[in-house]
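# Summary of the model geometry
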Amino acid sequence: FMAPTVVKAPQPIDVHLQHERPRLFLAGSIEMGRAELWQPKVAEGLADLDLVIFDPRRDNWDPSWRQSIDEPRFREQVEWELTALEASTLIAMSFEPSTRAPITLLELGLFARSGRLLVCCPEGYWRRGNVEVVCARYGVSLMSSFDELMAELRERLLG
C-alpha cells in the first residue's frame with residue numbers, strides 16, 4: 001500500500017504519469033491570505049488511498065511576478081497547472097465564497113466537458129449561478145460543501 005503522493009508546483013510531473021495510479025488535480029481558490037488552505041485537507045482525507053495529488057499552491061509564490069508570458073516564473077506556474085490538469089484522471093474544484101477565483105472559472109470552462117470534474121461551490125460564491133448552469137449543462141457533479149466534495153471524491157476514486 002502507498003499513501004498519496006503530493007506533487008506541488010513547480011515539481012516535475014512526468015515521473016508520475018508512468019503508472020496507473022489515479023491522478024487528482026486540486027483546482028480552486030488560492031488567493032493568498034483569503035482562501036482557506038483546503039488542499040492539505042484533501043490529502044489528509046484521502047491518506048489511505050494510493051494516488052497522485054497535483055497541488056498548484058506554490059510554497060514560494062511571489063505576487064510581484066508580472067502576469068505575463070514573458071515572466072518565466074509566472075509562465076512556469078501556468079504551464080505546470082495546465083500540464084497537471086491535462087494529465088489528471090480527476091479534477092476537484094473548490095470555489096470559496098470569500099474569493100473571486102477567476103482562474104478557477106477559466107479552468108471550469110476548459111474542463112467542463114471532460115467528464116473528470118467534481119465541483120464544490122457553496123452558497124455565497126459571487127458567480128454561483130454561472131457555475132450551476134455550466135455544471136448542469138455538461139453533467140458535472142456539483143456539491144455545496146467540502147464534506148460532500150470529499151465523499152464524492154472517495155466514491156469516484158474507490159469506484
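Provided above is the structure to which this section pertains.
Residues numbered from 1 in each chain as written. Predicted model: local features only at pLDDT ≥ 70, side-chain atom pairs only at ≥ 80, totals over all residues. Heavy atoms only, no water.

### Describing the environment of Cys 120
Note that Cys 120 resides in strand β5 (residues 117-120). Separated by 82 residues in the primary sequence, Cys 120 and Trp 38 have C-alpha atoms spaced 12 Å apart. When neighbours within four sequence positions are excluded, Cys 120 is seen to be in contact with Met 93, Ser 94, Phe 95, Met 143, Ser 144, Ser 145, Phe 146 and Leu 149. (Helix = DSSP H or I, 4+ residues; strand = E, 2+ residues; numbered from the N terminus. Contact = heavy atoms within 4.5 Å.)

### As for the sheet that holds strand β3 (residues 52-55)
Here six strands make up an open sheet; going across it, the order is β1-β3-β2-β4-β5-β6 and the pairing parallel. The strands lining the two open edges of the sheet, one partner per strand, are β1 (5-8) and β6 (141-143). Between one strand axis and the next, the sheet turns through 20 degrees on average, direction left out of account. Pairing between strand β2 (residues 23-28) and β3: three bridges, direction parallel. Each bridged residue has a counterpart across the sheet, and for Leu 24 the counterpart in β3 is Ile 53. Packing against the sheet, helix α2 (residues 72-87) makes contact with β1, β2, β3 and β4 (90-94), and its axis sits at approximately 130 degrees to β2. The strands that helix α3 (residues 102-111) touches are β2, β4 and β5; relative to β4, the one it contacts most, it runs at about 145 degrees. (Pairing = 2+ DSSP bridges. Axes fitted to C-alpha atoms, helices over the stretch in contact; angles between N-to-C directions.)

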